[in-house]
Amino acid sequence: MPEKTLFQKIADREIPSDMVYEDDECIAFRDIQPQAPVHILVVPRKPIPSLDDLTKEDTRLVGHLIVCATRIAAQEGLGEGYRTVFNCGRHGQQTVPHLHLHLMGGRQLRWPPG
Ligand code: 5GP
């Protein structure tokens, strides 16, 4: 068995987290270093390393992550808007090699990001 990723350990409750949602395909929990009043990571249970590793079979799963993010945004009261981001690779500043969608909101966000 390959070693579990950090986010698989969170999914399996081996590492504690503030979980806000879970289903058969994904989990969502608060980021440990929030960059906005609401900062949640939506993570597939399947340990896909990054966007670059997606296959055609993952198309529906990625849609599911996005739909879950919109539902969580509503639950979190982000009616004024929010941002969803997949960081990818070194230039994208991805630090955890397990695909995740950032959901950020609760303040005015700036554009472009740094
Ligand atoms: P990335 O930089 O890969 O796009 O995002 C990884 C995110 O995971 C970062 O925002 C970071 O703060 C968050 N993170 C890293 N380790 C942990 C952890 O142990 N628990 C939680 N809740 N978030 C983490």
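Before going into details, it helps to say that this report is about the structure given with it.

**Some points on the site of the ligand**
Neighbouring the ligand are 16 residues, the closest being D31, N87, T95, H100 and H102. At 2.8 Å, a side-chain N or O of N87 approaches an oxygen atom of the ligand. Notes on the ligand: free accessible area 520 Å², of which the protein chains cover 84%. Listed by contribution, the elements that provide at least two residues to the shell around the ligand are α1 (6-11) and β2 (26-30). By residue number, the principal contributor to the shell around the ligand is α1, which donates three residues. Grouping the amino acids of the shell around the ligand by side-chain chemistry returns seven nonpolar, seven polar and two charged.

**With respect to unusual backbone geometry**
Negative phi values dominate among residues other than glycine, just as trans dominates among peptide bonds. Looking along the chain, the bond that leaves W111 and enters P112 is cis, with omega of 0°. Take P112: it is sitting in the segment after β5 (101-105). Phi is positive for R13, which is not a glycine, with a value near 65°. Residue placement: R13 occurs in the loop between α1 and β1 (19-22). Taking the relative accessible area as the measure of exposure, R13 reaches 49% and is therefore partly exposed. Its identity is not glycine, yet Q93 carries a phi of approximately 55°, on the positive side. Looking at the element boundaries, Q93 is found in the loop between β4 (82-85) and β5.

Cut-offs and rules
- Residues numbered from 1 in each chain as written.
- Predicted model: local features only at pLDDT ≥ 70, side-chain atom pairs only at ≥ 80, totals over all residues.
- Heavy atoms only, no water.
- Near = heavy atom within 4 Å.
- Polar contact = N/O pair within 3.5 Å; in protein donor to acceptor, adjacent residues only side chain to side chain.
- Areas by Shrake-Rupley, 256 points an atom, 1.4 Å probe, with all protein chains shown as cover.
- Helix = DSSP H or I, 4+ residues; strand = E, 2+ residues; numbered from the N terminus.
- Nonpolar A, V, L, I, M, F, W, Y, C, P; charged D, E, K, R; others polar.
- Buried < 20%, exposed > 50% of the residue type's maximum accessible area, 1.4 Å probe, protein only.

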